[in-house]
Amino acid sequence: MDRLVIPFTSRAEFQQHLASCLSRAQQTLQMFDPDYASWELGSSATDAQLRRFLQGGGRLQLVAHQGRQMERDAPRFLRLLKDYGHLIEVRRTSQQLRQLTDSFCIADQRDIVRRFHADYFRGEAVFDGASDLQTSLERFLTIWIESGPGLYGNSTGL
């Protein structure tokens, strides 16, 4: 398949592209958002997609500044974390990274959905664009390394 770049500017478009990215993932999902408030991690559709991904042996890495939103609004995600804690790792950013305001989801180092600022829905989805993802992959790795333990399946703490 050829590389596909799709700009978006609305919540509905973001949700649509994020769902596509999640459904295409088979091995890895790497996500960063300040609080995941607009990701609908607690929805039944997202839960079903993530369960399918994890049942297939996929691994999920998720980083946030704080997890109050998930703890309050995403009980399905907390159950998912309890059921698949061995395949999910959630980290919390360190204080020096709290100024980061972008948001992205990378699937299998090949697809990405990114919002340029987490407060707005302007962004782009890139499918089958592995060569376009190098900077984002390096950015995620840096965020991951500089973040500490977060949310756990048996007790919250993000």
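Values in this document were obtained by computation on a predicted structure and should not be read as measured data.

S.K.: Would you mind going over the overall build of the protein chain in detail, with residue names and values included?
M.R.: Within the protein chain, the secondary structure is distributed over 5 helices and 8 strands. Secondary structure elements of the protein chain, listed N to C terminal, follow the sequence β-α-β-α-β-α-α-β-β-β-β-α-β. A globule of 158 residues ought to have a C-alpha radius of gyration of about 15 Å, and the protein chain, at 14 Å, matches this closely. Projected onto the principal axes, the alpha-carbon positions of the protein chain cover approximately 40 × 35 × 25 Å. Per-residue burial over the protein chain gives 51% buried out of 158 residues. Contacts in the protein chain between residues far apart in sequence, at least 24 positions, make up 75% of those at least 6 positions apart. Carbon and sulfur atoms provide 47% of the accessible area of the protein chain, an area that totals close to 7800 Å².

S.K.: Could you give an account of the confidence of the model for the protein chain, naming the residues involved and the relevant values?
M.R.: Overall, the predicted model of the protein chain reaches an average pLDDT of 91, with 94% of residues at or above 70. Low pLDDT (under 50) marks residues 154-158, which in the prediction has 15 contacts with non-local residues, meaning those over four places away or in another chain.

S.K.: Can you lay out the sheet that holds strand 6 (residues 111-115) for me, pointing to particular residues and giving the numbers?
M.R.: The strand order 1-7-6-5-2-3-4-8 describes an open sheet built from 8 strands, whose pairing is mixed. Sheet topology places strand 1 (4-8) and strand 8 (147-149) at the edges, where each strand pairs with a single neighbour. Strand after strand, the sheet turns through a mean of 15 degrees between neighbouring axes, direction not considered. Here helix 1 (residues 11-24) sits on the sheet in contact with strand 1, strand 2 (28-32), strand 5 (103-107), strand 6 and strand 7 (123-127), set at roughly 155 degrees to strand 6. Lying over the sheet, helix 2 (residues 44-55) contacts strand 2, strand 3 (59-64) and strand 4 (88-93), oriented at roughly 135 degrees with respect to strand 2.

S.K.: So, helix 2: which residues are in play, and what are the values?
M.R.: If you check helix 2, its first and last C-alpha atoms are 16 Å apart, about what 12 residues at 1.5 Å a residue would give, namely 16 Å. Within helix 2, burial applies to Thr46, Asp47, Gln49, Leu50, Arg51, Phe53 and Leu54. Buried-residue contacts for helix 2 involve helix 1, strand 2, strand 3, helix 4 (75-83) and strand 4. Looking one or two residues beyond helix 2, the residue adopting positive phi is Gly57, at roughly 95 degrees.

Conventions we followed
Residues numbered from 1 in each chain as written. Predicted model: local features only at pLDDT ≥ 70, side-chain atom pairs only at ≥ 80, totals over all residues. Heavy atoms only, no water. Helix = DSSP H or I, 4+ residues; strand = E, 2+ residues; numbered from the N terminus. Rg over C-alpha atoms; globule rule 2.2 N^0.38 Å. Buried < 20%, exposed > 50% of the residue type's maximum accessible area, 1.4 Å probe, protein only. Contact = heavy atoms within 4.5 Å. Areas by Shrake-Rupley, 256 points an atom, 1.4 Å probe, with all protein chains shown as cover. pLDDT = per-residue confidence, 0-100. Pairing = 2+ DSSP bridges. Axes fitted to C-alpha atoms, helices over the stretch in contact; angles between N-to-C directions. Expected span 1.5 Å × (residues − 1).

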